[in-house]
Amino acid sequence: QVQLVESGGGLVQPGGSLRLSCAASGIIFSIYDMGWYRQAPGKQRELVATITRGGISNYADSVKGRFTISRDNAKNTVYLQMNSLKPDDTAVYYCKADIRMVVGGRGDYWGQGTQVTVSS
């Protein structure tokens, strides 16, 4: 059984910053790509950023230059530093990880989501 637990969401004013964390737990053999996605009310879930095990990152155009994804492989944790936040960034943010278990194979796992609200 794998669990992804997110933290760090909240209410912030436009121009402010937040840092999201997502920690994976369980009998894990290896974690491959990790990423952050978001879903705003009435919209489809969209990719925000991904990062490979080796640290190669990819960003949605809407967050380039403002958000930074990073990971700590020793802690099975991925982070999302969000700066210069805008009201359009308001959404539920989900982490996803491609995980191979010691027993049970490999698959994509999702966190439960954390709310980010950007408002004055």
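J.: Any details on the overall build of the chain? Residues and values, ideally.
T.: Of the regular secondary structure elements, the chain holds zero helices and eleven strands. Ordered by position from the N terminus, the helices and strands of the chain form the series β-β-β-β-β-β-β-β-β-β-β. Judged by the C-alpha coordinates and their principal axes, the chain covers about 45 × 25 × 20 Å. Counting across all 120 residues of the chain, residues that qualify as buried make up 42%.

J.: Which residues make up the side chain of Thr 50, and what values go with them?
T.: Within the fold, Thr 50 resides in strand 5 (residues 46-51). Judged by its relative accessible area of 19%, Thr 50 falls in the buried class.

J.: Please set out the pattern of salt bridges residue by residue, giving values where relevant.
T.: For side chains bearing opposite charge, pairing can occur when the charged atoms are close. Counted according to the given criterion, the structure contains six salt bridges. Residue Asp 89 pairs with Arg 66 through a salt bridge whose shortest N-O separation is 2.8 Å. Taken together, the residues Asp 89 in the loop between strand 8 (77-82) and strand 9 (91-101) and Arg 66 in the loop between strand 6 (57-59) and strand 7 (67-72) connect sequence positions 23 residues apart. The closest approach of N and O atoms between Lys 96 and Asp 108, which form a salt bridge, is 3.9 Å. Within this pair, whereas Lys 96 is found in strand 9, its partner Asp 108 is found in strand 10 (residues 106-110), the two being separated by twelve residues in sequence. Asp 108 sits in the partly exposed class, given a relative accessible area of 48%. Look at the salt bridges and you will find they share partners, linking Arg 38, Glu 46, Arg 66 and Asp 89 into a network.

J.: Before we move on, can you summarise the packing of aromatic side chains with the specific residues and values?
T.: Tallied over the full model, the rule gives two aromatic pairs. Taking 6.5 Å as the distance between ring centres and 80 degrees as the angle between the ring planes, the aromatic pair formed by Tyr 94 and Trp 110 counts as edge-to-face. With Tyr 94 in strand 9 and Trp 110 in strand 10, this pair connects stretches of sequence that are 16 residues apart. Of the aromatic side chains, those joined through ring pairs into one cluster are Tyr 37, Tyr 94 and Trp 110. Over the aromatic face of Tyr 94 sits the side chain of Arg 45, whose NZ or CZ is 3.7 Å from the ring centroid. Above the face of the Trp 110 ring, Arg 45 is positioned so that its terminal group lies 4.7 Å from the ring centre.

Rules behind the numbers
Residues numbered from 1 in each chain as written. Predicted model: local features only at pLDDT ≥ 70, side-chain atom pairs only at ≥ 80, totals over all residues. Heavy atoms only, no water. Helix = DSSP H or I, 4+ residues; strand = E, 2+ residues; numbered from the N terminus. Buried < 20%, exposed > 50% of the residue type's maximum accessible area, 1.4 Å probe, protein only. Salt bridge = Lys/Arg side-chain N within 4 Å of Asp/Glu carboxyl O. Phe/Tyr/Trp six-rings, centres within 6.5 Å; stacked < 30°, edge-to-face > 60°. Lys NZ or Arg CZ within 6 Å of the ring centre and 35° of its normal.

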